[in-house]
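Chain by chain, the residues run as shown.
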Amino acid sequence: AQSVTQLDSHVSVSEGTPVLLRCNYSSSYSPSLFWYVQHPNKGLQLLLKYTSAATLVKGINGFEAEFKKSETSFHLTKPSAHMSDAAEYFCVVSDPPVHASGGSYIPTFGRGTSLIVHP
Amino acid sequence: ETGVTQTPRHLVMGMTNKKSLKCEQHLGHNAMYWYKQSAKKPLELMFVYNFKEQTENNSVPSRFSPECPNSSHLFLHLHTLQPEDSALYLCASSQEGPLAGGSYEQYFGPGTRLTVT
């Protein structure tokens, strides 16, 4: 079974300061992990993904995340926030499909973290 | 058109109406999904289609009826909905199986904002 916990429902930062959005996961396997962003009235957009390669993953718009197996964490960071980063962020975990030939990918979404950026 | 498109973008319907939501993906993917996103609630997976076959039905009420005629199109037929069904309905697609290389990331459409009156 898999689960994901986003530790903060809201994070507020000033423009130009670092961003940290926290995510912890639970998985019985070697999971794939993702971060998505959703701007108001829009669909979700993939920011970055971890799929058992390098543990430090770089994504779009200057975001990156580090997979820490010992801590079961996959926190999202950015060195300097922009006003345009204000959005909802979702951490997602997925165990591999059970069939060797592939199968349905059933992701589990966190509840989301709302990032607020002040001028 | 590129990516995943959804129509209509907004829909207002009465509880006795019948309407359909449409999703089309232009990415050559073989799996498609319906999600419901309500305010203050986590994203809820409704249905999954893999190679046009329904592989998941997440205990969704029968007033929601999915249809996947081919791997590029997905419909959600709506019938006698309730006000609590008002939400943003998101469609997504992904490439699954060995060709995907194990990544399985999803690509989302912009959603249909549904209001049931």
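This text follows the structure it describes.
Summarised in this report is the structure supplied together with it. Note that the structure is predicted; figures quoted are calculated from it, not measured.

Looking at the overall build of chain B
Then step 1. A count of helices and strands for chain B gives zero helices and eleven strands.
Then step 2. In sequence order, the secondary structure elements of chain B are arranged as β-β-β-β-β-β-β-β-β-β-β.
Then step 3. Here chain B has a C-alpha radius of gyration of 14 Å; the compact-globule value for 117 residues is 13 Å, and the two agree.
Then step 4. For chain B, the residues scored as buried account for 49% of the 117 residues in total.
Then step 5. As displayed, chain B offers around 5,500 Å² of accessible surface, 50% of which is attributable to carbon and sulfur atoms.

Comments concerning the state of the cysteines
Then step 1. Scanning the model with the defined rule gives two disulfides over all chains in all.
Then step 2. Here cysteine 23 of chain A connects covalently by a disulfide to cysteine 91 of chain A, the sulfurs 2.0 Å from one another. On the sign convention where negative is left-handed, the bridge of cysteine 23 of chain A and cysteine 91 of chain A, at about -70° about the S-S bond, is left-handed. Taken together, the positions of cysteine 23 of chain A in strand β4 (residues 23-26) and cysteine 91 of chain A in strand β10 (residues 87-94) put the pair 68 residues apart, joining distant regions of the chain.
Then step 3. Here cysteine 23 of chain B engages in a disulfide with cysteine 91 of chain B; their sulfurs sit 1.9 Å apart. The sign of the -75° torsion about the S-S bond sets the cysteine 23 of chain B-cysteine 91 of chain B disulfide as left-handed.

Remarks on the side chain of histidine 73 of chain B
Residues and elements named next belong to chain B.
Then step 1. By the element assignment, histidine 73 lies in strand β8 (residues 73-79).
Then step 2. A relative accessible area of 19% places histidine 73 in the buried class.
Then step 3. There is a polar contact of 3.3 Å between the side chain of histidine 73 and the side chain of glutamate 24.
Then step 4. Of the polar contacts made by the side chain of histidine 73, one reaches the side chain of asparagine 70; its length is 2.9 Å.

Describing the pattern of salt bridges
Pairs can form between side chains of opposite charge once their charged atoms are near each other.
Then step 1. On inspection of all chains with the given rule, the structure shows five salt bridges over all chains.
Then step 2. Taking the shortest distance from any N to any O, the salt bridge between glutamate 64 of chain A and lysine 58 of chain A comes out at 2.8 Å.
Then step 3. Assessed through its relative accessible area of 62%, lysine 58 of chain A is described here as exposed.
Then step 4. Salt-bridge contacts for arginine 63 of chain B lead to aspartate 85 of chain B; the nearest nitrogen and oxygen are separated by 2.7 Å. Here arginine 63 of chain B, found in the loop between β6 (53-57) and β7 (64-70), pairs with aspartate 85 of chain B, found in the loop between β8 and β9 (87-94); they are 22 residues apart in sequence, far enough to count as distant.

Calculation notes
- Residues numbered from 1 in each chain as written.
- Chains lettered and ligands numbered in written order.
- Predicted model: local features only at pLDDT ≥ 70, side-chain atom pairs only at ≥ 80, totals over all residues.
- Heavy atoms only, no water.
- Helix = DSSP H or I, 4+ residues; strand = E, 2+ residues; numbered from the N terminus.
- Rg over C-alpha atoms; globule rule 2.2 N^0.38 Å.
- Buried < 20%, exposed > 50% of the residue type's maximum accessible area, 1.4 Å probe, protein only.
- Areas by Shrake-Rupley, 256 points an atom, 1.4 Å probe, with all protein chains shown as cover.
- Disulfide = S-S within 2.5 Å.
- Polar contact = N/O pair within 3.5 Å; in protein donor to acceptor, adjacent residues only side chain to side chain.
- Salt bridge = Lys/Arg side-chain N within 4 Å of Asp/Glu carboxyl O.

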